[in-house]
Amino acid sequence: MTLDWDGQIRMDPSSPYAMKRLIGLKDQYEVAFACDTDHDRHGIVTKSVGLMPPNHYLSFAIYYLFQHRPNWSGHAAVGKTVVSSQLIDRITAGLGRKLFEVPVGFKWFVDGLLDGSLAFGGEESAGASFARLDGNVWITDKDGITPALLAGEITAKLGRDPGEIYKQLTEEYGEPCYERIEAAATPEQQQNLAGLSAEAIRDSFLAGEKIESVISAAHDGSPIGGLKVMSKSPWFAARPSGTESIYKIYAESFHGEAHLRLVLEEAQTIVNRALAKTGSSE
């Protein structure tokens, strides 16, 4: 792999910088793929679109798998992390499946993959695992090899690469724009952000749309280590970094790049306002 955007060696198969050489070969192959050195993350390169963002490929993989695995349980759910694309929510609903949304970290999928209540678990950083052909558990950790091989199966079986069919999916479910940014934070601010409750957000609108819900915990009560603010289309989540003096904002909009920029701008203002109130009350 080539160097990443900042000149560092990361072996990140979801980075267009690290995957530059493989992307350069896209016109020579219907589909190509790579994994990081411990083979727990995947990168999919197609002739139609080049390197697929992880959210795009995971969304399409879910759409394909739950229609081409007849031996999977009809009750098995789709697992995703709170910072993964809402397109997965829409596709899961369209498939008539239950969505299982968890905090960041693949460990949250383990029990469901083991007992069969989950047939798929995936996260926006290109990690995924899904059931065997017979519906039984394959592995409970991220596995880069099977999602990569799945891209070959999809291309061979459908006669089109995943990038082409993803474009058709967005015509039905909407086309998301997604980005993650970072902002400076003191250790105190990081601690406060991790402990913020949903009630700390008093804003009513996000980028022109009414805020429908704010959560600080997953469906089972497990803290997500920050906040997620959702409206009908845009959403954002804010979480402190565990290794740097920053916090991360993940955001998505189905109204184009300009609207996503507004979501990111307002998200940072909303988070800073909540942190300022928390700090002043201590």
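Note: the structure precedes this text.
Residues numbered from 1 in each chain as written. Predicted model: local features only at pLDDT ≥ 70, side-chain atom pairs only at ≥ 80, totals over all residues. Heavy atoms only, no water.

## A short note on the side chain of His 259
Line of reasoning, step 1. Summarising the element assignment, His 259 is placed in helix H8 (residues 257-280).
Line of reasoning, step 2. His 259 sits in the buried class, given a relative accessible area of 14%.
Line of reasoning, step 3. One polar contact links His 259 to Ser 253, side chain to side chain, over a distance of 2.6 Å.
Line of reasoning, step 4. Those residues in contact with His 259 that sit more than four places away from it in its chain are Ala 207, Pro 234 and Ser 253. (Helix = DSSP H or I, 4+ residues; strand = E, 2+ residues; numbered from the N terminus. Buried < 20%, exposed > 50% of the residue type's maximum accessible area, 1.4 Å probe, protein only. Polar contact = N/O pair within 3.5 Å; in protein donor to acceptor, adjacent residues only side chain to side chain. Contact = heavy atoms within 4.5 Å.)

## Some remarks on empty space enclosed by the protein
Line of reasoning, step 1. Tallying each qualifying case throughout the model produces one cavity of 30 Å³ or more.
Line of reasoning, step 2. Each pocket or cavity is described by its volume, and for the largest cavity that value is around 50 Å³.
Line of reasoning, step 3. Every residue along the wall of the largest cavity is listed here: Trp 72, Ser 73, Ala 76, Leu 113, Gly 116, Leu 118, Ala 119, Ala 131, Gly 135, Asn 136 and Val 137.
Line of reasoning, step 4. Residues of the lining of the largest cavity, tallied by class, amount to seven nonpolar, four polar and no charged. (1 Å grid on protein atoms, 1.4 Å probe; cavity = no way out; pocket = protein on both sides within 12 Å on 5 of 7 lines; lining within 4 Å. Points joined across faces, edges and corners; volume = space filled by probe spheres on them. Nonpolar A, V, L, I, M, F, W, Y, C, P; charged D, E, K, R; others polar.)

## Quick word on the packing of aromatic side chains
Line of reasoning, step 1. In this structure the tally under the stated criterion is six aromatic pairs.
Line of reasoning, step 2. Between the aromatic rings of Phe 60 and Tyr 63, the centroid separation amounts to 6.3 Å while the plane-to-plane angle is 35°, which identifies the pairing as tilted. Note that Phe 60 and Tyr 63 are positioned in helix H2 (residues 54-65) at a spacing of three residues, about one turn of the helix.
Line of reasoning, step 3. You can call Tyr 63 partly exposed: its relative accessible area is 23%.
Line of reasoning, step 4. A network of ring pairs unites the aromatic residues Phe 60, Tyr 63 and Tyr 64 as a single cluster.
Line of reasoning, step 5. Geometry around Phe 254 places Arg 90 over its ring, the cationic atom sitting 3.6 Å from the centre. (Phe/Tyr/Trp six-rings, centres within 6.5 Å; stacked < 30°, edge-to-face > 60°. Lys NZ or Arg CZ within 6 Å of the ring centre and 35° of its normal.)

## Looking at the layout of surface pockets
Line of reasoning, step 1. Volume-wise, the largest pocket comes out at about 1,200 Å³.
Line of reasoning, step 2. What lines the largest pocket is a set of 32 residues, and nearest its centre among them are Asp 12, Ser 14, Ser 15, Glu 124 and Arg 180.
Line of reasoning, step 3. Looking at the lining of the largest pocket, the elements that each hand over two or more residues are H2, strand S8 (177-184), strand S13 (246-253) and H8.
Line of reasoning, step 4. No other element matches the five residues that S8 contributes to the lining of the largest pocket.
Line of reasoning, step 5. Its residues assigned to classes, the lining of the largest pocket comprises eleven nonpolar, seven polar and 14 charged.

## Concerning the pattern of salt bridges
Line of reasoning, step 1. Scanning all chains against the criterion turns up 15 salt bridges.
Line of reasoning, step 2. With a shortest N-O distance of 3.3 Å, Lys 47 and Glu 30 are connected by a salt bridge. Here the residue Lys 47 occupies a position in the loop between strand S2 (42-46) and strand S3 (50-51), and Glu 30 occupies one in the loop between helix H1 (20-23) and strand S1 (31-35), the gap between them amounting to 17 residues.
Line of reasoning, step 3. On the basis of relative accessible area, Glu 30 is assigned to the partly exposed category, the value being 45%.
Line of reasoning, step 4. Glu 101 is the partner of Lys 228 in a salt bridge, and the nearest nitrogen-oxygen pair spans 3.0 Å. Placement of the pair is Lys 228 in strand S11 (residues 223-231) and Glu 101 in strand S5 (residues 99-102), with a sequence separation of 127 residues. For the pair Lys 228 and Glu 101, a shared accessibility class is recorded, and that class is buried.
Line of reasoning, step 5. A single network of salt bridges, built from pairs that share partners, joins Lys 80, Asp 89, Glu 101 and Lys 228. (Salt bridge = Lys/Arg side-chain N within 4 Å of Asp/Glu carboxyl O.)

## Regarding the nonpolar core
Line of reasoning, step 1. Counting 31 residues, the largest nonpolar core has Leu 65, Phe 66, Phe 120 and Leu 150 as the members making the most contacts within it.
Line of reasoning, step 2. Among the elements of the structure, H2, helix H3 (86-94), strand S6 (118-123), strand S7 (127-130), helix H5 (145-158) and helix H6 (162-173) are those that each provide at least two residues to this core.
Line of reasoning, step 3. In terms of residue count, the dominant contributor to this core is H2 (seven residues). (Core = buried A, V, L, I, M, F, W, Y, C linked by side-chain atoms within 4.5 Å.)

## Description of the environment of Lys 142
Line of reasoning, step 1. Structurally, the position occupied by Lys 142 is in the loop between S7 and H5.
Line of reasoning, step 2. A relative accessible area of 22% places Lys 142 in the partly exposed class.
Line of reasoning, step 3. In this structure the C-alpha to C-alpha distance between Lys 142 and Arg 41, which are 101 residues apart in sequence, comes to 6.8 Å.
Line of reasoning, step 4. Each residue touching Lys 142, except ones within four places of it in the same chain, is listed here: Asp 40, Phe 106, Glu 123, Gly 127 and Ala 128.

## Some points on the packing of H2 against H3
Line of reasoning, step 1. Interaxial distance between H2 and H3 falls to 9 Å at its minimum, and their mutual angle equals 10°. Classed by the angle they form, the pair H2 and H3 counts as roughly parallel. Contacts from Leu 58, Ser 59, Ile 62 and Tyr 63 of H2 reach H3 at Leu 87, Ile 88, Ile 91 and Thr 92.
Line of reasoning, step 2. Here the residues of the contact of H2 with H3 are counted per class, giving six nonpolar, two polar and no charged. (Axes fitted to C-alpha atoms, helices over the stretch in contact; angles between N-to-C directions. Parallel < 35°, antiparallel > 145°, perpendicular 65-115°, else oblique.)

Fair warning: the whole summary comes from geometry, so function is off the table for now.
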